[in-house]
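Chain residues, written in single-letter form:
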Amino acid sequence: MRIMNSKNIFIIHSEAKRNEESNLKKIDFSFRRKDRTLILIFLSLNLCLILTSCGIRKSIEHLPDVQQYSLEIPKVEKVNDSTFSFNQNYLTKNKQQLWELYIKGNPLQLGYNNGALTQNLMQKQEEIFFSKVEGFVPSKFKQNLLRGFLKWYNRKMYLNVRNDFQAELYGLSHYSSEKYNFIAPKFQRSMYLHGAHDIGHAMQDLMMVGCTSLAVWNENTEDGDLLIGRNFDFYVGDDFAKNKLIELVEPENGIPYLSVSWPGMIGVVSGMNKEGITVTINAGKSKIPLTAKTPISLVTREILQYAKNIDEAIEIAKKRKVFVSESILVGSANDKKAVIIEVSPKNFGVYDVANSSKVFCTNHFQSDAYKNDKRNQKHIVESHSEYRYEKLQELLQEDKKLNPEKMAAILRDQSGLKGEKIGYGNEKAINQLLAHHAVIFSPEKKLVWVSSNPYQLGEFVCYDLNEIFSDKRLKSGEFAKSNMNIAKDPFVDSQEFENYEMYKLMQSEITDAIDKDNIVLSEDFTLEYQSLNPDYWLGYYLAGKYYYKLHDYQRAKTEFERALTKEITTIPDKENVGKYLKKTLKKLR
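This report concerns the structure included in the present document. Computed from a predicted structure; not experimentally measured.

Okay, the overall build of the chain next. Looking only at helices and strands, one finds 22 helices and 17 strands in the chain. A fraction of 67% describes how many contacts in the chain between residues 6 or more apart in sequence connect residues 24 or more apart. If you sum the accessible surface of the chain, you get close to 24200 Å²; carbon and sulfur atoms cover 50% of it.

Printed below as a string of structure tokens:
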């Protein structure tokens, strides 16, 4: 497994994502403005806190009622450096470096078992996340503002989370770090983290989760069975993605399920239950909500644990109040098809392809309920969502009958439309080289394939839910069905991949040079940087910004013009390049 330099753990891949300082202006109340703006914000926030202090106090002091649940405090046995157990609960790391967690019990016991087994991993994950926030907001004064805002913003979350999930989070939170109690008490912090995906996507409006998923069945698969693939393109740095966790959960009530995420997470971003219901989430375009409600990952967790078919999944999604816009692709072995449930704070729709045997999901809505939604229409025009959708259509035309191996090839595809080279890491590609994980589901066979590092390029490990949730697993002692694994992508051993990894490191250097006054790059830096990923527009745009900062307007002009000859990710990105070129031309007059 490759280890990345710590300064490179948050490489950003669009104008909005790539410039960390620019991002902070959105997420951090424009803290780089004049002090008087900060004072106004501080006064406004304190007014909000005074007006809602009762609600905030109740939220911070709230603990779920867990008296109804029996509990045995876990005494974890260390089998070896990568295997731990308690009764029939296990945590182990497989040879592909994926952690596998098997837990069972009532909600409170599930939380305790999860926390006790994953404590070191969970605390490390928490440290990675909060150190990232501290890096974004180094000022103690600003951190206090942010903490106050989070308490106010999340004051109603506990009212919108099921009691059994709260009990599980309560058990899990006992194993959280004491280090971050200054942010919020452990239980509240655990809930906040489950809303981080929603909050980040809503507050920044950056589409940090620009995922791609698809489902095919009948004439579109080799055996006619339903087959689903998804890329979860959520990137918070290589360190965050290092400890991927396969959760195999056997709850006291409901349906056993598999979920792919990270330590400390009981919500579901990608998963399948023993009935063959699958869920994957794709972020949509959202307004900034006024208060947090039900995190989307807990809506999908509820679907996995309690739904046996599409109708039951729809009913669960319909009754939950969410605070961001999201597409939930739901596959069903019992229905032998897939649909997309589209949720937002004020609307709800279901996209059901009645006359087709395939459905594609990127980051825009497709149901009739959103047909006249102006925000969604604008997003289709301006973002890379429609481009990836068209790329899926193109790939399905090339190979009309898929199997798991062919599905993996689609999820790993890095080309643009008509095979065009658009640069490694371009968000217009299906494979943007930033996925936290990729998953392939075969619901009727109850099989799941999960990618290993790096991104979705490593070996896909196969899991058979019929065996895992039966006595066969206890006899074999293994979770994975290794003889059915899908081989790693040859690209991972190529010179091009090595170049891309070096390109990412150099990208952090040039963004630092743009943002900071005391950094000057060597004369040949930009040429070497661009040569590592020559088809990607961003390398030329960043070089142009660097030369613009140095007042070398002739070289800046050349770089901006070169950027405009490439496949630029979004309309706003292209407009930004054009604006810089226009400013440069004025300087040259």
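Next, the rest of the story.
Our focus in this paragraph is the packing of aromatic side chains. According to the stated counting rule, one finds 29 aromatic pairs in the structure shown. When the ring of Tyr170 is compared with that of Phe187, the centres are 6.4 Å apart and the planes differ by 65°; the resulting orientation is edge-to-face. A residue pair is termed long-range when its members are at least 10 positions apart, and Tyr170 in helix H7 (residues 163-173) and Phe187 in helix H8 (residues 186-194) qualify at 17 residues. Looking at Phe187, the relative accessible area reads 3%, which means it is buried. For the pair Phe360 and Tyr389, a centre-to-centre distance of 5.6 Å together with 75° between the ring planes defines the contact as edge-to-face. In this pair, Phe360 is assigned in strand E14 (residues 358-361) and Tyr389 in helix H14 (residues 385-398), connecting sequence segments 29 residues apart. Since its relative accessible area comes to 13%, Tyr389 is described here as buried. In this arrangement the basic side chain of Arg162 is found over the ring face of Phe165, its NZ or CZ atom lying 5.3 Å from the centre.

The grouping of Lys287, Lys346, Arg375 and Lys378 at the surface amounts to a positive patch. If you trace the backbone, Lys378 turns up in helix H13 (residues 374-382).

Applying the stated criterion across every chain yields a total of 26 salt bridges. The closest approach of N and O atoms between Glu302 and Lys319, which form a salt bridge, is 4.0 Å. Taken together, the residues Glu302 in helix H11 (residues 296-306) and Lys319 in helix H12 (residues 310-319) connect sequence positions 17 residues apart. Given a relative accessible area of 2%, Glu302 falls into the buried group. Among the ionic pairs, Lys504 bridges to Glu501, the shortest N-O distance being 3.9 Å. Here Lys504 and its partner Glu501 are both found in helix H18 (residues 495-515), 3 residues apart, which amounts to about one turn of the helix. Its relative accessible area of 1% is what places Lys504 among the buried residues. Under the relative-accessibility criterion, Glu501 is labelled buried at 9%. Counted as one network, the salt bridges with shared partners bring together Arg162, Asp164, Glu302, Lys319 and Arg320.

Quick look at the side chain of Glu168 now. Looking at the element boundaries, Glu168 is found in helix H7. Classification of Glu168 by relative accessible area gives buried; the value is 2%. Setting aside residues no more than four positions away along its own chain, Glu168 makes contact with Pro107, Leu110, Gly111, Ile266 and Arg301.

Quick look at the sheet that holds strand E9 (residues 270-273) now. Read across the open sheet, the 11 strands follow the order E1-E2-E3-E4-E7-E8-E9-E10-E11-E12-E13; overall the sheet is mixed. With partners counted over all chains shown, the strands left at the sheet margins are strand E1 (77-80) and strand E13 (347-351), one partner each. The sheet shows a mean angle of 15° between the axes of neighbouring strands, taken without regard to direction. The sheet strands contacting H11 are strand E7 (245-251), strand E8 (257-261), E9, strand E10 (277-283), strand E11 (326-332) and strand E12 (337-344), and the helix crosses E10 at an angle near 165°.

Before going further, it helps to examine the sheet that holds E14. With antiparallel pairing, 6 strands are arranged side by side in an open sheet as E14-E5-E6-E15-E16-E17. At either margin of the open sheet sits one strand with a lone partner, and together these are E14 and strand E17 (460-464). On average, each strand axis in the sheet is tilted by 10° relative to the strand beside it, whichever way the strands run. Looking at chain direction, strand E15 (residues 437-442) and strand E16 (residues 447-451) are connected through 4 bridges and run antiparallel. Along E16, the bridge assignment pairs Phe441 with Val448. Across the sheet, H14 touches strand E5 (212-216) and E14, and the angle it forms with E5 is around 35°.

Parameters and conventions
- Residues numbered from 1 in each chain as written.
- Predicted model: local features only at pLDDT ≥ 70, side-chain atom pairs only at ≥ 80, totals over all residues.
- Heavy atoms only, no water.
- Helix = DSSP H or I, 4+ residues; strand = E, 2+ residues; numbered from the N terminus.
- Contact = heavy atoms within 4.5 Å.
- Areas by Shrake-Rupley, 256 points an atom, 1.4 Å probe, with all protein chains shown as cover.
- Phe/Tyr/Trp six-rings, centres within 6.5 Å; stacked < 30°, edge-to-face > 60°.
- Buried < 20%, exposed > 50% of the residue type's maximum accessible area, 1.4 Å probe, protein only.
- Lys NZ or Arg CZ within 6 Å of the ring centre and 35° of its normal.
- Patch = residues over 30% accessible without salt bridge, like charges linked within 9 Å, V, L, I, M, F, W, Y side chains within 5 Å.
- Salt bridge = Lys/Arg side-chain N within 4 Å of Asp/Glu carboxyl O.
- Lys, Arg positive; Asp, Glu negative; His and termini not counted.
- Charge placed at Lys NZ, Arg CZ, Asp CG, Glu CD.
- Pairing = 2+ DSSP bridges.
- Axes fitted to C-alpha atoms, helices over the stretch in contact; angles between N-to-C directions.

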